[in-house]
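Spelled out, the chains give:
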Amino acid sequence: MHSLGCDNLETFLRMPVPGSLWWRQVVLALVAVVAGGRMDGVRAQHQALLAEAELLARLRDLGVAVQLGGVCGAPGQLATYNMGANLLCLGDALMARPQERSKVLHHELVHVVQDCLDGLESPTSMPLAEGLRRAGTLSERQLNGFFLQHLRDQGNLDHVVATTAVLPQDGRQREMEAYALQADPALVQHLLRQCSRSH
């Protein structure tokens, strides 16, 4: 993983900066750190933005285009991943909800990993459960239990079941996996690294 720390700050600041609110906040956060704005809360937010920027750079290296800002998907959606087009969109509305940003980003990263399982060049994706079943490592019961437990731990099982009920079975499985793992950034990033190694 490459670093976007202070030693690379000058190079990072010279990168083309789209007109999105997200990039402006990243640049302002970096400038504040360099200028001495090192309060604990501010520093933590800056570190989170840097980690996010590194994740997005890793996606670009994988061949996923990243759109920062604008409107993503249907009204009210904060972010989307478009398989086949390999496009991750993080909307302006996401900036107004910083407490949700990590979960939303990692939710969409699960979709990137699902797409990677079936080949990023393919217009389809594969649920994680199907990939693990094919590998023969876990039973269907173990897999379902794993995802259900993650949903229970987050307290969103009923919401996810209700909102995904209208989807076809494969789409429902993909969404349930993304909701289940969105609160586990370490696991999602591990899966993304595995995807990077396979391409």
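Residues numbered from 1 in each chain as written. Predicted model: local features only at pLDDT ≥ 70, side-chain atom pairs only at ≥ 80, totals over all residues. Heavy atoms only, no water.

A.B. asks: Would you explain the overall build of the protein in this entry?
C.D. replies: Counting its secondary structure elements, the protein contains ten helices and three strands. The order of α-helices and β-strands along the protein, N terminus first, is α-α-α-β-β-β-α-α-α-α-α-α-α. Residues classed as buried in the protein amount to 41% of the 199 residues present. With the model as given, the accessible surface of the protein reaches about 10600 Å², and the carbon-plus-sulfur share is 56%. (Helix = DSSP H or I, 4+ residues; strand = E, 2+ residues; numbered from the N terminus. Buried < 20%, exposed > 50% of the residue type's maximum accessible area, 1.4 Å probe, protein only. Areas by Shrake-Rupley, 256 points an atom, 1.4 Å probe, with all protein chains shown as cover.)

A.B. asks: Help me understand the sheet that holds strand S1 (residues 65-68), please; the structure alone is not making it clear to me.
C.D. replies: Adjacent strands of a sheet form backbone hydrogen bonds with each other and so pair up, either parallel or antiparallel. Taken in spatial order, the three strands of this open sheet run S1-S3-S2, and their pairing is mixed. Because the sheet does not close on itself, it has two edges, and the strands there are S1 and strand S2 (79-82). Each strand axis lies, on average, 10 degrees off the axis of its neighbour in the sheet, ignoring direction. As defined by bridge partners, S1 adjoins strand S3 (residues 87-90) across four bridges and the pair is classed as parallel. Note on S3: the bridge partner recorded for valine 66 is leucine 88. (Pairing = 2+ DSSP bridges. Axes fitted to C-alpha atoms, helices over the stretch in contact; angles between N-to-C directions.)

A.B. asks: How do you make sense of the state of the cysteines when you look at a structure like this?
C.D. replies: Such a bond, covalent and formed between the sulfur atoms of two cysteines, is termed a disulfide. Using the criterion set out here, one finds two disulfides in the structure. The disulfide partner of cysteine 72 is cysteine 89, and the S-S distance across this bridge is 1.8 Å. Torsion about the S-S bond of the cysteine 72 and cysteine 89 cystine: about -70 degrees, corresponding to left-handed handedness. With cysteine 72 in the loop between S1 and S2 and cysteine 89 in strand S3, the pair connects residues that are 17 residues apart, well separated along the chain. Both residues of the pair, cysteine 72 and cysteine 89, count as buried. In this model, cysteine 116 is linked to cysteine 195 through a disulfide, with the two sulfur atoms separated by 1.8 Å. Judged by the torsion about the S-S bond (115 degrees), the cysteine 116/cysteine 195 disulfide is right-handed. You can see cysteine 116 sitting in helix H5 (residues 98-117) and its partner cysteine 195 sitting in helix H10 (residues 185-198), a full 79 residues away along the chain. (Disulfide = S-S within 2.5 Å.)

A.B. asks: Explain the layout of surface pockets here, please?
C.D. replies: The gaps of empty space that remain are located by a probe, the size of a water molecule, rolled over the atoms. The space that makes up the largest pocket amounts to roughly 440 Å³. As for the largest pocket, its lining consists of 19 residues, and the residues nearest its centre are Leu78, Val104, His107, Tyr179 and Gln182. Mapped by element, the contributors of at least two residues to the lining of the largest pocket are S2, H5 and helix H9 (169-181). A total of six residues in the lining of the largest pocket trace back to one element, the largest contributor, which is H5. Roughly 300 Å³ of volume is contained in the second largest pocket. Every element with two or more residues in the lining of the second largest pocket is listed here: H5, helix H6 (128-135), helix H7 (140-154) and H10. Ranked by the residues each element gives to the lining of the second largest pocket, the list is headed by H10, at five residues. A per-class count over the lining of the second largest pocket returns 13 nonpolar, three polar and no charged. (1 Å grid on protein atoms, 1.4 Å probe; cavity = no way out; pocket = protein on both sides within 12 Å on 5 of 7 lines; lining within 4 Å. Points joined across faces, edges and corners; volume = space filled by probe spheres on them. Nonpolar A, V, L, I, M, F, W, Y, C, P; charged D, E, K, R; others polar.)

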